[in-house]
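Observations on the model geometry
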Amino acid sequence: MNVQWYPGHMTRAKRQMQEDIKLIDLIIELVDARVPYSSRNPDIDELGKNKSRLILLNKADLADASVNDAWVEYFRQNGFFAVKVDSRKGTGMKNIQDMIREACREKMERDRKRGIRNRPVRAMVAGIPNVGKSTFINKFTGRACTKTGNKPGVTRGKQWIRINKDVELLDTPGILWPKFEDQDVGIRLACIGSVKDDILNMEELALWLIDYLISSYSGVLADRYNVAEEGTAVEILEQIARARGCLKKQEEIDYGKAAGILFDDFRSGRMGRISLEKPNENNK
């Protein structure tokens, strides 16, 4: 299966981030907790190599809890600060303020030695589409926050939102896109909905997901659809179709409709908490 991507957006977003990154102390990078490696853009590491870094494993409520913990430890071992969050419900959001202070401790200490006091940390939110940036920003800023206006030397039109006396957030973060040297990255992102379904072969993608679930989460399909997890992925998808009444005329199997049900259940969490990759399994 070949998942196509459109890199034209990435050039523009990268140029925007290169400009914005000069203005900030901290990059808050959102990833999807179900695919933390695949939902990262490698350009962020290069662009932000001299900045403090905080990675938020968003949608953590949909991912395997033990795998979430493993990813937090993985990122910490690689020099990042990391927090599990669910931006929709607000879970984990209270930990972010403390983690921002910890990530920027050296910067704040340098300011103190220079006699600079009460200067807030300036942060930018980055991440690929569909990882929940807008939801996070809305939840993190809240209604009580005020825009502080244009800063001297800041490109016209950029606005800063004061979260509190300690943190300001740049409210026009650039959108970055992943690079798909590895087709498995594209497939995982397609599974979580980061690639539009209408440009994908959803039936073929469903077969990939079924194979993965059988090998990594045995029993999930049996419990959800009351099917036998035996035979090929096509045969299991046929069982799911029959179990959910996905039939056309003359009892013909509607594989497309069955695939749609499978992905609705997976993406919504109705199958349970599932991660599509683990640390050091697909990455170094």
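Moving on, we get to the overall build of the protein chain. When helices and strands are tallied, the protein chain shows 11 helices and seven strands. The 284 residues of the protein chain split such that 50% are buried. Sequence separation of at least 24 residues holds for 68% of the intrachain contacts in the protein chain that already meet a minimum separation of 6. Within the structure as shown, the protein chain displays about 14300 Å² of accessible surface, and the carbon and sulfur contribution to it stands at 45%.

On to the pairing of strand S7 (residues 167-170). A regular strand places its side chains on the two faces of the sheet in alternate fashion. Of the two faces of S7, the one carrying Val167 and Leu169 and the one carrying Glu168 and Leu170 are both buried. Looking at chain direction, strand S4 (residues 121-126) and S7 are connected through four bridges and run parallel. Paired with Val121 across the two strands is Val167, which belongs to S7.

It is worth spelling out the side chain of Asn41 at this point. Within the secondary structure layout, Asn41 lies in the loop between strand S1 (26-32) and helix H2 (43-47). The buried category is assigned to Asn41, whose relative accessible area is 1%.

Let's shift gears to unusual backbone geometry. Not every positive phi belongs to a glycine, and Lys59 is a case in point at roughly 60 degrees. One non-glycine residue with positive phi stands out, namely Gln250, at about 60 degrees. By secondary structure assignment, the location of Gln250 is in the loop between helix H10 (233-243) and helix H11 (255-268). Residue classification places Gln250 among the exposed residues on the basis of a relative accessible area of 75%.

Now for helix H8 (residues 202-216). Its 15 residues place the ends of H8 21 Å apart at the C-alpha level, agreeing with the 21 Å of an ideal helix rising 1.5 Å per residue. Along H8, the residues that are buried comprise Met202, Leu205, Ala206, Leu209, Ile210, Tyr212 and Leu213. Each buried residue of H8 lies within a common arc of 165 degrees when the element is viewed along its axis, so the set occupies one face. Packing partners of the buried residues in H8 comprise helix H7 (183-192), helix H9 (220-225), H10 and H11. The N-cap of H8, judged by a side-chain oxygen 3.3 Å from the amide nitrogen of Glu203 a few residues on, is Asn201.

Orientation of H7 relative to H11, taken along the N-to-C sense of each, is 85 degrees, at an axis distance of 9 Å. In terms of axis orientation, H7 runs roughly perpendicular to H11. Along the contact surface, H7 presents Ala190, Cys191 and Ile192, while H11 presents Phe263, Phe266 and Arg267. A class-by-class count of the residues in the contact of H7 with H11 yields five nonpolar, no polar and one charged.

For the rest of this paragraph, the subject is the pattern of salt bridges. This model, assessed by the stated rule, comprises 26 salt bridges. Between Lys107 and Asp111 there is a salt bridge; the shortest N-O distance is 2.9 Å. A residue pair is termed a helical-turn pair when its members lie 3 or 4 positions apart in one helix, as Lys107 and Asp111 do in helix H5 (residues 105-113) at four residues. Its relative accessible area of 8% is what places Lys107 among the buried residues. Relative accessible area serves as the criterion here: at 8%, Asp111 is assigned to the buried category. Arg112 serves as the salt-bridge partner of Glu109, at 2.5 Å between the closest nitrogen and oxygen.

Inspection of the entire model under this criterion finds seven aromatic pairs. Relative to Phe80, the ring of Phe75 lies with its centre 6.1 Å away and its plane at 90 degrees, an arrangement referred to as edge-to-face. Grouping residues by exposure puts Phe75 and Phe80 together as buried. Aromatic pair Tyr212 and Tyr217: ring centres 6.4 Å apart, planes at 45 degrees, arrangement tilted. In this structure, Tyr212 and Tyr217 share a single accessibility class: buried. Linked through ring pairs, Trp71, Tyr74, Phe75 and Phe80 together constitute an aromatic cluster. If you follow Arg40 out to its NZ or CZ, it ends over the ring of Phe80, 5.1 Å from the centre. Geometry around Trp160 places Arg122 over its ring, the cationic atom sitting 5.4 Å from the centre.

Definitions and limits used
Going along each chain's sequence as written, the residues are numbered from 1 onward. Given that the model is predicted, a residue must reach a pLDDT of at least 70 before its local features are reported, and side-chain atom pairs must reach 80 or more before they are shown or counted; all residues, however, enter totals for whole chains, interfaces and linings. Just so you know, side-chain values use all the structure's heavy atoms and leave hydrogens and water out. The numbering of helices and of strands both runs from the N terminus, where a helix is a DSSP run of H or I of at least 4 residues and a strand a run of E of at least 2. The classification of residues rests on relative accessible area computed with a 1.4 Å probe and restricted to protein chains. Under 20% of the type maximum is buried, over 50% is exposed, and intermediate values are partly exposed. By the convention used here, residues are in contact when the closest approach between their heavy atoms is within 4.5 Å. Per-residue and other accessible areas were derived by the Shrake-Rupley procedure at a 1.4 Å probe size, with only the shown protein chains allowed to occlude residues. We call two strands paired when DSSP finds no fewer than two bridges between them. Any helix carries an expected span of 1.5 Å times its number of residues minus one. It is the directions from the helix axis to the C-beta atoms whose arc is reported. Here a polar contact is taken to be a pair of N or O atoms separated by no more than 3.5 Å, where protein atoms must pair a possible hydrogen donor with a possible acceptor and residues adjacent in sequence count only if both atoms sit in side chains. Fitted lines through C-alpha atoms serve as axes, helices being fitted only where they are in contact, and the angles separating the N-to-C directions of these axes extend from 0 to 180 degrees. Throughout, the term roughly parallel applies to angles under 35 degrees, roughly antiparallel to angles over 145, roughly perpendicular to angles from 65 to 115, and oblique to all others. Nonpolar residues are Ala, Val, Leu, Ile, Met, Phe, Trp, Tyr, Cys and Pro. Charged residues are Asp, Glu, Lys and Arg, and all others, Gly as well, are polar. Think of a salt bridge as a Lys or Arg side-chain nitrogen and an Asp or Glu carboxyl oxygen that are within 4 Å of each other. In summary, the pairing rule links any two rings of Phe, Tyr or Trp, Trp by its six-membered ring, whose centres are within 6.5 Å, and it sorts them by plane angle into stacked for under 30 degrees, edge-to-face for over 60 and tilted for everything else. Geometrically, a charge over a ring is one whose NZ (Lys) or CZ (Arg) sits within 6 Å of the ring centre while staying within 35 degrees of the ring normal.

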